[in-house]
Amino acid sequence: CDEYFCSPHTINFLEQRRNNFEVLIYDMFKLGEGRFEPEPPPFYNYEYAEKWLHLKRPKMEGNILTSKHHELGRVQYYSQAYRFLPFISALRTSAKYGAGDGRYFFVSDPGEGLRGFNAGLVNLAAFLANAMAESIDHDSCEEFHWEKDIATGRYALSNSCGQNGRNYGTESCPPWQSFMTCPAATDAELQASIPETSEPPFRLGPKPPPFQCMPKSNLPSSGFWEEPTNTLDNNTNYPNSYGRTDIEGCSFWGRGVLHTRGTCNFGKFNFHVGARAAAQNRPSLYPDLDFCSDPGLICSDKERTMDIRWVVGMFEWIDRVQDYYDSALDWNYMRELYKYVDGGMSDDSFIDKVNLILARGCHLYPCSSYFAVESDRFLYSLEKRTNFRNILKLLFELPLSEASPNTPAAPLGSGSSFVQPSEPAVNRPPTKPPTVRPTAVQVQTPSPVKSVTTNAPTILPVTAEPTTPRVPTGSPIELSDITQWNDGETHVINSKETSFLDESIVVTRGTTFLLEPGGYVEAPLNTNWPAVRLSIGSMFAGTGGAINGSYADPSLLEGEYEDGGDGLHINNGQSSDLTGSKGSFFDGVVIVGGDAPIGVGGNALYVNGFGSEAKIYGGSFVGGKGAKDNGYSILVQNSAKVHVYSGSFDGEIKVDRSAEIIFYGCFNRDRLQVSGTFPDETYLDVSIRTSYGGEITLTAVSEQECDTAPSTSPTNFPTVSPRPTPKYNQGERKTLSFVEISLSLASMLLFGLFWI
């Protein structure tokens, strides 16, 4: 056919084909009297926007509609759940014809010309940035288990009722809209569908079972699935973060491109575009589909699911974002959208507020709107912000200003100059890396440490009052937010409220940091700064909680580091051994180095400098996984000392430059490998490397009988705890299987050919 909309199929590289034709006709064959007459100024209506998006199809499919294989180093592939033509079909439905009574997804305002078109693209970019983080990255139409107890590796099967403190079945609409709320049927029996990419050959290891909904009469206790042992237990009252131990009436988990959740959101969708609209003789997109009685139709309806999964997300965006208005603060989304465009598209606070609206129901915290959800959802604020700016700048090629993110937007209608969007030239997709986000649920209380002959120091006072974290200080480290504690006091982190996300903590000048169960610190993305750094006579004690080093991916718009960040540094920071810092670790604490998909993983624990010392009575130490090399579980350097009485270590250990590590128990050495047991019967099997005078000492203790006397010569070695822990690789470098290598090469060839 010879018109743009006579077929749903895209003409790839249309402008390049046309340009080639003109070059041949006018420049080479010398035919005609000149080039085509310039087209009249465009009319920026929906038809223009759809035509423009069709021209962007190759870039959108290669950068936005791509998923990551999280078991093969985030190898990319074209999403199977979210494709371009269903996206265009859903956009045409929602933006041109409407999703319900007078509800339209905003893509352009012809009356505002190019200004209105750019505002529509910004709105679409914000929507897609959230969709990438919520569902496209994992290629999943239905919500999956992402909340687990990191200490035990257990997933509550009642996560289908709600994750991160939410209870989807009780999230009713406000009083003036309560008639739209879906009833939570107690007899409902549903099971989430499994994405194609969760089946072999994509799936390499065990996964939690899909979400389920079932009456208590059939399943009184939902139980848990344990990742380390691949064990399913349906006989234990194991609660999710909200406290649910059953899955009755729990059919309203996330579905669609934004993973729409809750009885209110599904009820509104059904009221406006589903069976309830048809039953009340109102226009309905899906008159035969009742999304209250079966929310799974969004992902399972054979004929229309590929469109519906986009439409439900666009409907939620219209309802909760485009229609958002905070009367108390007079903050209107559409007005702020135009302010952002007029201000040069430089104020990052705009997308941060939009993300909060979608996640919490308000643009500022604490929420000022009735719709506020008091618990976090998938916030992923930095990832969404990065996706947003990548889409605008690299794919849509809008004229983003490089002004400071804190620069206020220009007044409405200030006459900003606009650049006609053109075909972008970019070959790296915006990404949302999988960040290990520790949760505050079901963190095990550390078990008592068995007494040994060594003199274990008294643990830091657990009753110390938590101090209010200070406002992040300025830092020369680009892309890092840093909080400094240097007042000589004791600071306690033991809950989500006192924890730090996307933040590094510097503890210095004799200050003490106590990490207890329920607390966590996670470093920002793409920074070479550790999550926690101790120096100048400071102290750390961990009885629970988690510390995560920085995840490194330079394909992000912001950030240059390809190596993962370290978890915890214990440094001297001065030239005297009196200023060395100290650390004590007990059962329940988890220290993790940052992963690096194209670089070297970060180290979990780094002890450096004479006078600096760590004593490990338990806990887990996990080196970051990297494409070039993995990080160490422990790195000891420059005359520092580490005493190990128990613990679990995933990754090699390195002792360097006159440093020393001492293991207490019964051990044997075979070249680089050391194996044996600690006094508490924890088994150790780890590889340790030494260089430049680094020493490893194996020391027996009086209350433990050893078959052979331990060697005192320098050795090397990771460990496995007697409590349930993941099956670590025993300190060896991971060797990719033939299938893994083949899949990786095939993916690289596919994307390599695409970008040629």
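Quick summary incoming for the structure in this document. Everything numeric here is computed off the predicted structure, so don't read it as measured data.

**Section: helix 4 (residues 84-97)**
Part 1: Between its terminal C-alpha atoms helix 4 stretches 19 Å, which fits the 20 Å expected from 14 residues at 1.5 Å a residue.
Part 2: Within helix 4, ten of the 14 residues are buried, which leaves it mostly tucked inside the rest of the structure.
Part 3: Within helix 4 the residues assigned to the buried category are F84, P86, F87, I88, S89, A90, L91, T93, S94 and A95.
Part 4: Its buried side turned inward, helix 4 meets helix 2 (46-55), helix 3 (57-63), helix 5 (113-134) and helix 9 (305-322).
Part 5: G98 sits one or two positions beyond helix 4 and adopts a positive phi of about 100°.

**Some thoughts on the packing of aromatic side chains**
Part 1: Following the criterion strictly, the structure yields 37 aromatic pairs and no others.
Part 2: Aromatic pair F663 and F667: ring centres 6.1 Å apart, planes at 75°, arrangement edge-to-face.
Part 3: Clustering of aromatic rings is evident, with ring pairs tying together Y82, F84, F87, F105, F127, W310 and W317.
Part 4: Here R154 stacks its cationic end above the ring of F224, 4.1 Å away from the centre of that ring.
Part 5: Directly above the aromatic system of Y692 lies the positively charged group of R657, at a separation of 4.7 Å from the ring centroid.

**Concerning a nonpolar patch on the surface**
Part 1: Together, L24, M28, F29 and L31 make up an exposed nonpolar region whose accessible area comes to about 410 Å².
Part 2: Tracing the sequence through the fold places L31 in the loop between helix 1 (14-28) and helix 2.

**Section: the packing of helix 5 against helix 9**
Part 1: Interaxial distance between helix 5 and helix 9 falls to 11 Å at its minimum, and their mutual angle equals 120°. Considering only the axes of helix 5 and helix 9, their crossing is right-handed. From helix 5, N123, A126, F127, L128 and N130 reach across to helix 9, where they touch W310, G313, M314, W317 and Q322.

**Topic: the nonpolar core**
Part 1: Of all hydrophobic cores here, the largest spans 87 residues; its most connected members are F87 and W310.
Part 2: Broken down by element, this core gets its largest block of residues, 13 residues, from helix 5.
Part 3: Excluding its chain neighbours within four sequence positions, the residues that come into contact with F87 are L53, M60, L124, L128, W310 and M314.
Part 4: By size, the runner-up hydrophobic cluster in this structure holds 44 residues, among which are I570, F585, V644 and V686.

**Points about the state of the cysteines**
Part 1: Inspection of every chain in the model, using the stated rule, returns five disulfides.
Part 2: Disulfide pairing places C141 opposite C299 at an S-S distance of 2.0 Å. One disulfide, between C141 and C299, carries an S-S torsion of -85° and so falls in the left-handed class. Separated by 158 residues along the polypeptide, C141 in the loop between helix 5 and strand 3 (154-156) and C299 in helix 8 (residues 297-300) bring together distant segments of the chain. No difference in accessibility class separates C141 from C299, as the two residues are buried.

**A short note on the sheet that holds strand 23 (residues 613-616)**
Part 1: Spatial ordering of the open sheet is given by 11-14-17-20-23-26-29-33, a layout of eight strands whose pairing is parallel. Only two strands of the sheet have a single neighbouring strand rather than two, namely strand 11 (490-493) and strand 33 (695-699). Direction aside, neighbouring strands of the sheet carry axes that sit 10° apart on average.
Part 2: Where strand 20 (residues 582-585) lies against strand 23, four bridges are found, and the strand directions are parallel. Directly across from K582, in strand 23, lies its bridge partner E613.

**Things to note about the environment of F649**
Part 1: Looking at the element boundaries, F649 is found in strand 27 (residues 648-650).
Part 2: C-alpha separation for the pair F649 and G619, spaced 30 residues apart in sequence, amounts to 8.6 Å.

**Re unusual backbone geometry**
Of all residues except glycine, most have a negative phi; of all peptide bonds, most are trans.
Part 1: The phi dihedral of R671 falls on the positive side, at around 60°, and the residue is not glycine.
Part 2: Positionally, R671 belongs in the loop between strand 30 (666-670) and strand 31 (673-677).
Part 3: Positive phi, close to 75°, is recorded for E681, a residue that is not glycine.
Part 4: Relative to the helices and strands, E681 resides in the loop between strand 31 and strand 32 (683-691).
Part 5: For E681, a relative accessible area of 61% puts it in the exposed group.

**Re helix 9**
Part 1: Counted at 1.5 Å a residue, the expected span for helix 9 with its 18 residues is 26 Å, and the 24 Å between its end C-alpha atoms agrees.
Part 2: Among the 18 residues that make up helix 9, 16 are buried, leaving the element largely enclosed by the rest of the structure.

**With respect to the sheet that holds strand 3**
Part 1: Reading across the sheet, the three strands line up as 3-6-7 and stay open at both edges, with antiparallel pairing between neighbours. Where the open sheet ends on each side, the last strands, each with one partner, are strand 3 and strand 7 (231-233). Going from strand to strand, the sheet's axes swing by 20° on average, the running direction of each strand aside.
Part 2: As defined by bridge partners, strand 6 (residues 224-226) adjoins strand 7 across three bridges and the pair is classed as antiparallel. Counterpart to E226 in the pairing with strand 7 is T231.

**Here's the deal with the packing of helix 6 (residues 263-273) against helix 9**
If you want to describe how two helices pack, look at the angle between their axes and the distance between the axes.
Part 1: Contact geometry for helix 6 and helix 9: axes closest at 10 Å, N-to-C directions at 105°. Looking at the two axes, helix 6 sits roughly perpendicular to helix 9. Contacts between helix 6 and helix 9 pair N265, K268, F269 and H272 from the former with I308, V311, V312, F315, E316, D319 and R320 from the latter.

Conventions we followed
- Residues numbered from 1 in each chain as written.
- Predicted model: local features only at pLDDT ≥ 70, side-chain atom pairs only at ≥ 80, totals over all residues.
- Heavy atoms only, no water.
- Helix = DSSP H or I, 4+ residues; strand = E, 2+ residues; numbered from the N terminus.
- Expected span 1.5 Å × (residues − 1).
- Buried < 20%, exposed > 50% of the residue type's maximum accessible area, 1.4 Å probe, protein only.
- Contact = heavy atoms within 4.5 Å.
- Phe/Tyr/Trp six-rings, centres within 6.5 Å; stacked < 30°, edge-to-face > 60°.
- Lys NZ or Arg CZ within 6 Å of the ring centre and 35° of its normal.
- Patch = residues over 30% accessible without salt bridge, like charges linked within 9 Å, V, L, I, M, F, W, Y side chains within 5 Å.
- Areas by Shrake-Rupley, 256 points an atom, 1.4 Å probe, with all protein chains shown as cover.
- Salt bridge = Lys/Arg side-chain N within 4 Å of Asp/Glu carboxyl O.
- Axes fitted to C-alpha atoms, helices over the stretch in contact; angles between N-to-C directions.
- Left-handed = near helix turned anticlockwise from the far one by under 90°.
- Core = buried A, V, L, I, M, F, W, Y, C linked by side-chain atoms within 4.5 Å.
- Disulfide = S-S within 2.5 Å.
- Pairing = 2+ DSSP bridges.
- Parallel < 35°, antiparallel > 145°, perpendicular 65-115°, else oblique.

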